Structures are given as C-alpha cells and as structure tokens.
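Listed below, chain by chain, are the residues.
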Amino acid sequence: MKIGLTYDLKEDIETGRETTEDALEEYDSLEVINAIAGALRSLGHSTVRLGGGRKFLQKILTTRVDFVFNIAEGRGSQRSREAQVPAVLEMLGIPYSGSDPQTLSVTLDKPLAKQLLQAAGVPTPPFQVIYSLQDLKALPDRKIPLPAFIKPAWEGSSKGIRLTSRADTATRARALARRLLKDYSQPILMEKYIEGDEVTVGMVGNSPPSIVGIMRVVPKKKFKTFVYSLEVKRDWRNLVEYECPAKLNKSTIKRISEASLAAYRALGCRDFSRIDFRVGRDGTPYLLEVNPLPGLNPSSGDLPIMSYKMGWVYNDLIKAVLEAALARYT
Ligand SMILES: Nc1ncnc2c1ncn2[C@@H]1O[C@H](COP(=O)(O)OP(=O)(O)OP(=O)(O)O)[C@@H](O)[C@H]1O
Ligand SMILES: [Mg+2]
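Thresholds, definitions, all that
Residues numbered from 1 in each chain as written. Chains lettered and ligands numbered in written order. Predicted model: local features only at pLDDT ≥ 70, side-chain atom pairs only at ≥ 80, totals over all residues. Heavy atoms only, no water. Helix = DSSP H or I, 4+ residues; strand = E, 2+ residues; numbered from the N terminus. Rg over C-alpha atoms; globule rule 2.2 N^0.38 Å. Buried < 20%, exposed > 50% of the residue type's maximum accessible area, 1.4 Å probe, protein only. Areas by Shrake-Rupley, 256 points an atom, 1.4 Å probe, with all protein chains shown as cover. Lys, Arg positive; Asp, Glu negative; His and termini not counted. Charge placed at Lys NZ, Arg CZ, Asp CG, Glu CD. Patch = residues over 30% accessible without salt bridge, like charges linked within 9 Å, V, L, I, M, F, W, Y side chains within 5 Å. Salt bridge = Lys/Arg side-chain N within 4 Å of Asp/Glu carboxyl O. Pairing = 2+ DSSP bridges. Contact = heavy atoms within 4.5 Å. Axes fitted to C-alpha atoms, helices over the stretch in contact; angles between N-to-C directions. Donors = N, O, S within 2.8 Å, 3.2 Å for Na, K, Ca; no water. Domains from an automatic or database assignment. Buried area = accessible area lost by both parts, 1.4 Å probe. Polar contact = N/O pair within 3.5 Å; in protein donor to acceptor, adjacent residues only side chain to side chain. Parallel < 35°, antiparallel > 145°, perpendicular 65-115°, else oblique. Nonpolar A, V, L, I, M, F, W, Y, C, P; charged D, E, K, R; others polar. Expected span 1.5 Å × (residues − 1). Near = heavy atom within 4 Å.

### Focus on the overall build of the protein
Turning to step 1, where the next piece is worked out: For the protein, the helix and strand inventory stands at 12 helices and 12 strands.
Turning to step 2, where the next piece is worked out: Here the protein has a C-alpha radius of gyration of 19 Å; the compact-globule value for 330 residues is 20 Å, and the two agree.
Turning to step 3, where the next piece is worked out: Along the first, second and third principal axes, the C-alpha set of the protein runs to 55 × 45 × 40 Å.
Turning to step 4, where the next piece is worked out: In the protein, which comprises 330 residues, the share counted as buried stands at 56%.
Turning to step 5, where the next piece is worked out: When the accessible area of the protein is evaluated, it comes to approximately 14,700 Å², of which 52% is carbon and sulfur surface.
Turning to step 6, where the next piece is worked out: Distance between charge centres in the protein, computed from 47 positive and 38 negative side chains, equals 3 Å.

### Quick notes on a nonpolar patch on the surface
Turning to step 1, where the next piece is worked out: A surface patch of nonpolar side chains, about 350 Å² in accessible area, is lined by Leu-61, Met-91 and Leu-92.
Turning to step 2, where the next piece is worked out: Within the element layout of this structure, Met-91 appears in helix 3 (residues 84–92).

### Observations regarding the sheet that holds strand 5 (residues 148–152)
Turning to step 1, where the next piece is worked out: Overall, antiparallel pairing links the four strands, which are arranged 4-7-5-6 in an open sheet. Of all strands in the sheet, those bounded by a partner on one side alone are strand 4 (127–130) and strand 6 (166–167).
Turning to step 2, where the next piece is worked out: Strand direction decides the pairing type here: strand 5 and strand 6, joined by two bridges, are antiparallel. When the sheet's bridge partners are listed, Ala-148 is paired in strand 6 with Ala-167.
Turning to step 3, where the next piece is worked out: Across the sheet, helix 5 (residues 110–119) lies against strand 4, strand 5 and strand 7 (188–192), angled at about 150 degrees from strand 4, the strand it touches most.

### Some words on the coordination of the magnesium ion (ligand 2)
Turning to step 1, where the next piece is worked out: Here the magnesium ion (ligand 2) is held by Asp-276 (OD) and Glu-289 (OE), and the distances to it run 2.0 Å. Taken together, the residues Asp-276 in strand 11 (residues 272–279) and Glu-289 in strand 12 (residues 285–291) connect sequence positions 13 residues apart. For the pair formed by Asp-276 and Glu-289, the shared burial category is buried.

### Here we look at the domain arrangement of the protein
Turning to step 1, where the next piece is worked out: Domain annotation for the protein reports domain 1 (2–96), domain 2 (106–123 + 195–328) and domain 3 (127–192).
Turning to step 2, where the next piece is worked out: Regarding the contact of domain 1 and domain 3, the summed buried area is about 870 Å², with carbon and sulfur atoms giving 43% of it.
Turning to step 3, where the next piece is worked out: Where domain 1 touches domain 3, the interface holds three salt bridges.
Turning to step 4, where the next piece is worked out: Note that Asp-22 is salt-bridged to Arg-162, the shortest N-O span being 3.2 Å.
Turning to step 5, where the next piece is worked out: Summed over the shared surface of domain 1 and domain 3, the result is eight residue pairs in polar contact (both at pLDDT 80 or more).

### Considerations on the packing of helix 1 (residues 30–42) against helix 12 (residues 314–328)
Turning to step 1, where the next piece is worked out: Where helix 1 meets helix 12, the axes come as close as 9 Å, and the angle between the chain directions of the two elements is 75 degrees. The orientation of helix 1 relative to helix 12 falls into the category roughly perpendicular. Together, Val-32, Ala-35, Ile-36, Ala-39, Leu-40 and Ser-42 of helix 1 and Tyr-314, Asn-315, Ile-318 and Leu-322 of helix 12 make up the contact between the two elements.
Turning to step 2, where the next piece is worked out: In the contact of helix 1 with helix 12, the residues fall into eight nonpolar, two polar and no charged.

### Considering helix 12
Turning to step 1, where the next piece is worked out: Between its first and last C-alpha atoms helix 12 spans 22 Å; for 15 residues at 1.5 Å apiece the expected length is 21 Å, and the two agree.
Turning to step 2, where the next piece is worked out: Turning to helix 12, its buried residues are Tyr-314, Leu-317, Ile-318, Ala-320, Val-321, Leu-322, Ala-324 and Ala-325.
Turning to step 3, where the next piece is worked out: For helix 12, the elements touching its buried residues are strand 1 (2–6), helix 1, strand 3 (67–70), strand 8 (197–204), strand 11 and helix 11 (302–309).

### Regarding the sheet that holds strand 3
Within a sheet, adjacent strands bond to each other through the backbone by hydrogen bonds, running parallel or antiparallel.
Turning to step 1, where the next piece is worked out: The strand order across the open sheet built from three strands is 2-1-3, with neighbouring strands paired in parallel fashion. Across the chains shown, the open sheet's two edge strands, defined by having one partner strand only, are strand 2 (46–51) and strand 3. Put simply, the sheet's adjacent strands are angled 30 degrees from each other on average, direction ignored.
Turning to step 2, where the next piece is worked out: Direction of pairing for strand 1 relative to strand 3: parallel, over a ladder of four bridges. Residue pairing for strand 3: Gly-4 is matched across the bridge by Val-68.
Turning to step 3, where the next piece is worked out: Contacts between helix 2 (residues 53–62) and the sheet are confined to strand 1, strand 2 and strand 3, with strand 2 contributing the most and set at about 135 degrees to the helix.
Turning to step 4, where the next piece is worked out: Contacts from helix 12 reach strand 1 and strand 3 within the one sheet, and its direction differs from that of strand 3 by about 130 degrees.

### Re the pattern of salt bridges
Turning to step 1, where the next piece is worked out: Within this structure, the stated rule accounts for 25 salt bridges.
Turning to step 2, where the next piece is worked out: Residue Asp-12 is joined to Lys-55 by a salt bridge in which the shortest nitrogen-to-oxygen separation is 3.7 Å. Of this pair, Asp-12 sits in the loop between strand 1 and helix 1 while Lys-55 sits in helix 2; the two residues are 43 residues apart in sequence, bridging distant segments of the chain.
Turning to step 3, where the next piece is worked out: Among the residues examined, Lys-55 registers a relative accessible area of 47% and is labelled partly exposed.

### As for the site of ligand 1
Turning to step 1, where the next piece is worked out: Around ligand 1 there are 24 residues in total, and Lys-151, Ser-158, Glu-191, Glu-198 and Lys-233 lie nearest to it.
Turning to step 2, where the next piece is worked out: Ser-157 is positioned such that a nitrogen or oxygen atom in its backbone is 2.8 Å from an oxygen atom of ligand 1.
Turning to step 3, where the next piece is worked out: Here an oxygen atom of ligand 1 sits 3.3 Å away from a polar atom, N or O, in the side chain of Arg-278.
Turning to step 4, where the next piece is worked out: The protein chains hide 97% of the 620 Å² of surface that ligand 1 would expose on its own.
Turning to step 5, where the next piece is worked out: At the level of elements, strand 5, strand 7, strand 11 and strand 12 are the ones that each hand at least two residues to the shell around ligand 1.
Turning to step 6, where the next piece is worked out: Among the residues making up the shell around ligand 1, the classes are represented as eight nonpolar, four polar and 12 charged.

Structural data, given as structure tokens:
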C-alpha cells in the first residue's frame, strides 16, 4: 500500500507569536516521522510525507494514497485542533488510522471528557471549570477542590503543567488559575489533587481493544509533590523510572484495566490510545485524561517505552495500530 503520513513538525510551525515557552511541546520531531516511516516500510508499504497545515491540504489534493497514518496534532490552540486532519480525510473519503474527529475533539476538552466518563461510571477527580476572570471571582472558596491541581482545559504534553501546579489554599489556586487564563487563552480546569501512584495505560485494537501495558511512573528522587510535569517529561531519564508491568496489587490492576476499557469505549477511541491515572490512597484509579494520539517518539514516548517493556519492538507497535485501523475498513 502507499501510505501517507500526516504530522506536525516543530520546525514547520510559524514561530514568533507564542506566548509560552512550551507552545511547541505537542509537535513532533523528524526522528518520530522517520521511525514510523521505517516501520511501515519494513511492513512492505511505501510511504509519502504529507505533513500538516496548509502543506497537507495542498498535498492531499494532488497525491494519491491508499491510506493515511495520522499523528497530526493540528494547528492553533482550539479544542478541536486534533480533529482537523481526520475531518479533511473523511471529507475526501480517505481511510486513516486512529480516532475520528469527534473523539479527538472530546478528549482534548478535558472537562467535557470527564463528564462523559462520569456518566459511564469511570472515577475522575472532582473538578471546577473556570472560563474567565469573572468566573474566577464569582467562584466561592468552598467550591475549590483542595488540595487542587490547576491546568489548562485543552492541552497535552504537560503544557501549562509544572511541579508547582498543586495548590493547597484557595488563594494559591486562584493565583495559578489567573496566570494560566492569561497565558493559555482557554478555560482552566481546577481538579482535586490526587495523592498516589502515577499510572499510564497503553491500549491497541478495537472490539475489543487490548491493553499493551500498565506502567507506573516512579520518581527517582524524593519530590515534595510529584507531578509528571513538563520539567519531568523533558528530563525523564534523570528523574523517573518506568515500571511495567506496574507492581500494584491485583485488585488495583483489575480496577485500572476495567476503567481503561470503559473509557476507551465511552469516548469512542479507535486503534490505539494511552490513558493516564492517579491511583488514590484507597486504591481508586482516578482517570486524569485519555490520549487518542499518544506520543510515538521511539526513545521517549510512554507508549513505545511500555511496549518495549512488554517485549515488543517499535515495529510491532506500529503494526498493531495499522492492522487495527485496516481491519475497520474491510
Ligand atoms: N488531579 C490531579 N491530581 C494529581 N496529579 C495530577 C492531576 N492532574 C494532573 N496531574 C499531574 O499532571 C500530569 C499531567 O496531567 P495531564 O495528563 O492531565 O496532562 P497532559 O498535558 O494532557 O499530559 P500528556 O503529556 O500525557 O498529554 C499527570 O500525569 C499528573 O502527574
Ligand atoms: Mg497526561
């Protein structure tokens, strides 16, 4: 097959207008595109690079492809940005890997996804959404879930999330929210801070999907408050160890697996995803967010890392995603 690759490279993004130093954090590097292209070629396919943004629009209209392997994050800072490329592919009738525009939009809007998860009976931390400074002023202290964790409502790759994102007082929560409202131009999510193990779950396939691995992210040194934050993700080799399979008790593993499968189904995920949890002291796995476009960096991506720890090589992961996607179209 001739497979098109859609993606957004850091170097393709027009710079100069960013308001934060993590503005390009979600975008990929050439290393990732080369790795995916190499894996697809080793499976006997030819690949063509379609990129993202306007370049993608021009190329997709002039290049014939049988299928698209999509990891495009989309442009801008709107909550539907990850839906941009899949929406165009659907318009043109071109089959592609991964979730559809609806799922990609809902999951990027964390408060919206949390409401659907609650309706499906999946535990997620209690929360408040702040849309504006007026909202923040009108919010009574007693409604702030303390200790709170303050983060942008529509981001990924720990954009806007630092080791200091936890607030123990309403005053501190308000100050953090005010700053994020200003810097990230989107609503802010105030969640109850869940003290406990950091766990991420990799999934591939459809009807039913399977769990690639359940991985615990263990800090290498003592942190006052451990957050799998931007600083930690950028310096993961020094700061964390990845334990997969996670050494948690059987009943916690069972609860995490059930919550992951229920969330994948409730949000309509397809082909692959990564789901992040914090396990509360009482053993409840609180779902933080669902990533239907998990990072595929072969050396630093959580999903690739956990798949290696489960005995896969990178090509096995790409093959599993591709096969799941192709099976949907036959
Ligand atoms: N309610 C919470 N309680 C405790 N820690 C939290 C909470 N929300 C987020 N965190 C911490 O912040 C990290 C990043 O949060 P989250 O997964 O929501 O952000 P993200 O930017 O979408 O992440 P990703 O890089 O996986 O896309 C979590 O892995 C966790 O360590
Ligand atoms: Mg996350």
